[in-house]
Amino acid sequence: MGKLIKGLVTITAATAAVGGLCYVFKDQIKESKVYKDHNVDEKINKIKTSINENEKINKVKTSIKENETFNKVKNTIKEKMPKFSEKEEDYVDEGEIFFDDLDAAASDRDYVSLAGEESTEETSEASPSEA
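Residues numbered from 1 in each chain as written. Predicted model: local features only at pLDDT ≥ 70, side-chain atom pairs only at ≥ 80, totals over all residues. Heavy atoms only, no water.

Student: Just give me the short version of the overall build of the protein chain, but keep the residues and values in it.
Tutor: Helix and strand counts for the protein chain come out as six helices and zero strands. Counted from the first residue to the last, the protein chain has its helices and strands arranged as α-α-α-α-α-α. Classification of the 131 residues of the protein chain by burial places 1% in the buried group. Within the structure as shown, the protein chain displays about 13,000 Å² of accessible surface, and the carbon and sulfur contribution to it stands at 58%. (Helix = DSSP H or I, 4+ residues; strand = E, 2+ residues; numbered from the N terminus. Buried < 20%, exposed > 50% of the residue type's maximum accessible area, 1.4 Å probe, protein only. Areas by Shrake-Rupley, 256 points an atom, 1.4 Å probe, with all protein chains shown as cover.)

As C-alpha cells, then:
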C-alpha cells in the first residue's frame, strides 16, 4: 500500500512541475513552430464554442423538460377538476343586477349612498335638535 501512495505522490509532483513550466514558458510555447503548425488556437476555440453550445443546448433541454412537467401537472389537474355544465342558465349576463334597491330597503342593514347623502330616518335620529 505504501508503494501506491508513493507512486501517486510522485505522479502528482511531476504533473505539477510540468504544468508550472508550461505556465512560465507559455509565451514562448505559443510562438513555437509546432504550436503554429498544428493550429492549436483554432482547436482550443472550437472546443470552447462546442462546450458553450452544449451548455446552451442543455439549458434548453432542461427548460423543455420543465415545461413538459408543468403541462403534465396542468393536464392532470384539469382531468381531476369537476366538470361544470355549459348551460346558459349557469352564466350571468353582463346587464344582470346582483343587488336590487328593493332588496336593500327590505334588509335590516343601513347603507349610505355613494353620493354621501344619508336617508331621512338616519338624520332625524342623529340630530335631535331638528325635531
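Student: Provide a residue-level description of unusual backbone geometry, including the pertinent values.
Tutor: Phi is positive for Asn-39, which is not a glycine, with a value near 50°. Among the residues examined, Asn-39 registers a relative accessible area of 38% and is labelled partly exposed.

Student: Provide a residue-level description of a nonpolar patch on the surface, including the pertinent values.
Tutor: On the surface, a cluster of nonpolar side chains totalling about 570 Å² of accessible area is made up of Met-1, Leu-4, Ile-5, Leu-8 and Val-9. Tracing the chain through its elements places Leu-4 in helix 1 (residues 2-24). Overall, Leu-4 belongs to the exposed group, its relative accessible area being 53%. (Patch = residues over 30% accessible without salt bridge, like charges linked within 9 Å, V, L, I, M, F, W, Y side chains within 5 Å. Salt bridge = Lys/Arg side-chain N within 4 Å of Asp/Glu carboxyl O.)

Student: Summarise the confidence of the model for the protein chain; cite the residues concerned and give the values.
Tutor: Here the protein chain averages 77 in pLDDT, and 65% of its residues register 70 or above. Here helix 6 (residues 120-126) is the element of the protein chain with the lowest mean pLDDT, 53, and helix 1 is the one with the highest, 94. (pLDDT = per-residue confidence, 0-100.)

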